[in-house]
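These are the residues of each chain, in order.
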Amino acid sequence: MEINSEDGLFRGLRMKYKATILLVKCLLLGIWLGIANAQSDPDTLVKETVEDILETVQNDPGVQAGDINRIKEIMEEKVAPHIDFPRMTRLAVGRSWRDASKEQKKALVREFHEMLMRSYAAAFKMYKGIVIETRALPRVKPDEKQVSVNTVVRLPGGAPPLSVDYDLLRTKNDTWKVYDVRVDGASLVINYRNVFMQEIQKGGIEGLLKALAEKNSNNSEK
């Protein structure tokens, strides 16, 4: 079964939040790149990381040329280590996660990882003409396990600004990892959950895995 952006698994992404979700994919790249160091305030890291990403977009020849493989290399090296893929996948799959076998869970995390990295790489080159303002957080306490970093994204052309909240958990080794993002209150994880649920209802966990694998395979051929 062939799944593309016009059918099946990603049909839900063409609704109200399609453009917003794509923008968030771009923004997440910058946020996830530098939030690993728990010694710094998360909001400061957000600001500094976004500036670093903007510079990369402007100066990297591969990014400028739209080389998806080059962009994906950057994502895997600098971004992927700071994403809590198991937690994000579990939240996106929802209740059906507990019915999956150990092997299926590993496969779901692997395919979800690949899908996100390729999707974000495709969106990365669109990160232009955006102004991001990070709202300061109160000082993060040493025992605090979870924080939300809020940013305001000002779009070019006079479009209404977006509120983007990044949810992070402090890990056992005292680093921060992102597990969800909310755009004007709409959760990226929940958006995926609603789409995944359709595939699970049609074909169970194996049906979802097949759809994800086909999507990733189609993307890799482009």
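About the cut-offs
- Residues numbered from 1 in each chain as written.
- Predicted model: local features only at pLDDT ≥ 70, side-chain atom pairs only at ≥ 80, totals over all residues.
- Heavy atoms only, no water.
- Helix = DSSP H or I, 4+ residues; strand = E, 2+ residues; numbered from the N terminus.
- Buried < 20%, exposed > 50% of the residue type's maximum accessible area, 1.4 Å probe, protein only.
- Contact = heavy atoms within 4.5 Å.
- Arc of directions from axis to C-beta.
- Polar contact = N/O pair within 3.5 Å; in protein donor to acceptor, adjacent residues only side chain to side chain.
- Phe/Tyr/Trp six-rings, centres within 6.5 Å; stacked < 30°, edge-to-face > 60°.
- Pairing = 2+ DSSP bridges.
- Core = buried A, V, L, I, M, F, W, Y, C linked by side-chain atoms within 4.5 Å.
- Salt bridge = Lys/Arg side-chain N within 4 Å of Asp/Glu carboxyl O.

### With respect to the overall build of the protein chain
For step 1, the next point in the chain: Scanning the protein chain for helices and strands turns up seven helices and five strands.
For step 2, the next point in the chain: Mapped in sequence order, the helices and strands of the protein chain form the string α-α-α-α-α-α-β-β-β-β-β-α.
For step 3, the next point in the chain: Each of the 222 residues in the protein chain was classed as buried or not, and the buried ones make up 50%.
For step 4, the next point in the chain: For the protein chain, long-range pairs separated by at least 24 residues make up 62% of all intrachain contacts whose partners lie at least 6 apart in sequence.

### A few points about helix α5 (residues 85-93)
One turn of the α-helix equals 3.6 residues, which is why residues spaced by three or four share an orientation.
For step 1, the next point in the chain: Where α5 is concerned, the buried positions are F85, M88, T89, A92 and V93. Seen from one end, α5 has its buried residues packed into an arc of 125°, which puts them on one side.
For step 2, the next point in the chain: Taking the backbone nitrogen of R87 as reference, a side-chain oxygen 3.1 Å away marks D84 as the first, capping residue of α5.
For step 3, the next point in the chain: Directly after α5, the chain includes G94, whose backbone phi takes a positive value near 80°.

### As for the packing of aromatic side chains
Centre distance and the angle of the planes are the two values used to describe a pair of aromatic rings.
For step 1, the next point in the chain: Within the structure shown, the criterion is met by three aromatic pairs.
For step 2, the next point in the chain: On the basis of an interplanar angle of 85° and a centroid distance of 5.6 Å, the ring pair of F112 and Y192 is categorised as edge-to-face. Of this pair, F112 sits in helix α6 (residues 102-124) while Y192 sits in helix α7 (residues 188-220), placing them 80 residues apart in sequence.
For step 3, the next point in the chain: With 5.8 Å between their ring centres and 80° between their planes, F112 and F196 make a pair best called edge-to-face. Of this pair, F112 sits in helix α6 while F196 sits in helix α7, and the two are 84 residues apart along the sequence.

### Focus on the sheet that holds strand β4 (residues 176-183)
For step 1, the next point in the chain: Within the open sheet, the five strands sit side by side as β1-β2-β3-β4-β5. Their pairing is antiparallel. Strands at the two margins of the open sheet, each flanked by one partner only, are β1 (131-134) and β5 (186-187).
For step 2, the next point in the chain: Across two bridges, the pairing between β4 and β5 is antiparallel. Bridged to R182 within β5 is S187.

### Describing the nonpolar core
For step 1, the next point in the chain: Counting 43 residues, the largest nonpolar core has V93, L108, F112, L116, M117, Y192 and F196 as its most contacted members.
For step 2, the next point in the chain: Sequence-distant contacts of L116, that is, excluding residues within four places in its chain, are made with F85, M88 and Y192.

### What about helix α4 (residues 68-79)?
For step 1, the next point in the chain: Those residues of α4 not exposed but buried are I71, K72, I74, M75 and V79. The buried side chains of α4 occupy one side of the element, clustering within an arc of 155° when seen end-on. Among the exposed residues of α4, those oriented more than 90 degrees off its buried face are N69 and E77.
For step 2, the next point in the chain: For α4, the N-terminal capping position is held by D67, with its side-chain oxygen 3.1 Å away from the main-chain nitrogen of N69.

### Overview of the pattern of salt bridges
For step 1, the next point in the chain: On inspection of all chains with the given rule, the structure shows nine salt bridges.
For step 2, the next point in the chain: The salt bridge partner of E114 is K72, with a shortest N-O separation of 3.5 Å. Here E114 is found in helix α6, whereas its partner K72 is found in helix α4, with 42 residues between them in sequence.
For step 3, the next point in the chain: The class for E114 is partly exposed, based on a relative accessible area of 21%.

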